[in-house]
Amino acid sequence: PDPSVLSRAARFLGKCQDPKGGFAGGPGQQPHLAPTYAAVNALATIGTEEAYNIIDRKGLLRFLMKMKDPSGGFTMHEGGEVDVR
């Protein structure tokens, strides 16, 4: 793959990362578990140092723990439904 395309993709995903640590479906949108899963997997697949460094690991952990529900599932977004998949 063209390194410049991978870099652009990684930088775009970085714009989708919320200051709370999760990723949204687009820049400025609400963080949600589904695009968080997709973004982290895409960045890991890109596999460059630039891509790995985009992930705010501490923020991501805070986001995931905030989404964790006492039932053992996770809410998909802040104030959202619980999903146990």
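Shown above is the structure to which this text applies.
Definitions and limits used
- What you see as residue numbers is a count from 1 along each chain, following the sequence as written.
- In keeping with the model being predicted, local features are shown solely for residues with a pLDDT of at least 70 and side-chain atom pairs are shown and tallied solely at 80 or more, while totals for entire chains, interfaces and linings include all residues.
- Here the side-chain values reflect all heavy atoms present in the structure, with hydrogen atoms and water set aside.
- One speaks of a salt bridge when a side-chain nitrogen belonging to Lys or Arg is within 4 Å of a carboxyl oxygen belonging to Asp or Glu.
- Working definition: helices are DSSP H or I runs of at least four residues, strands are E runs of at least two. Numbering for both runs from the N terminus.

*Asks:* Account for the pattern of salt bridges, with residues named and values stated.
*Replies:* Across all of its chains, the model carries 2 salt bridges by this definition. Between K20 and E78 there is a salt bridge, and its shortest N-O distance comes to 3.3 Å. Placement of the pair is K20 in the loop between α1 (3-15) and α2 (33-46) and E78 in the loop between β1 (74-75) and β2 (82-83), with a sequence separation of 58 residues. The closest approach of N and O atoms between E78 and K66, which form a salt bridge, is 3.4 Å. Residue E78 is found in the loop between β1 and β2, and its partner K66 is found in helix α4 (residues 57-67); the two are separated by 12 residues along the sequence. Each member of the salt-bridge network shares a partner with another, and the members are K20, K66 and E78.

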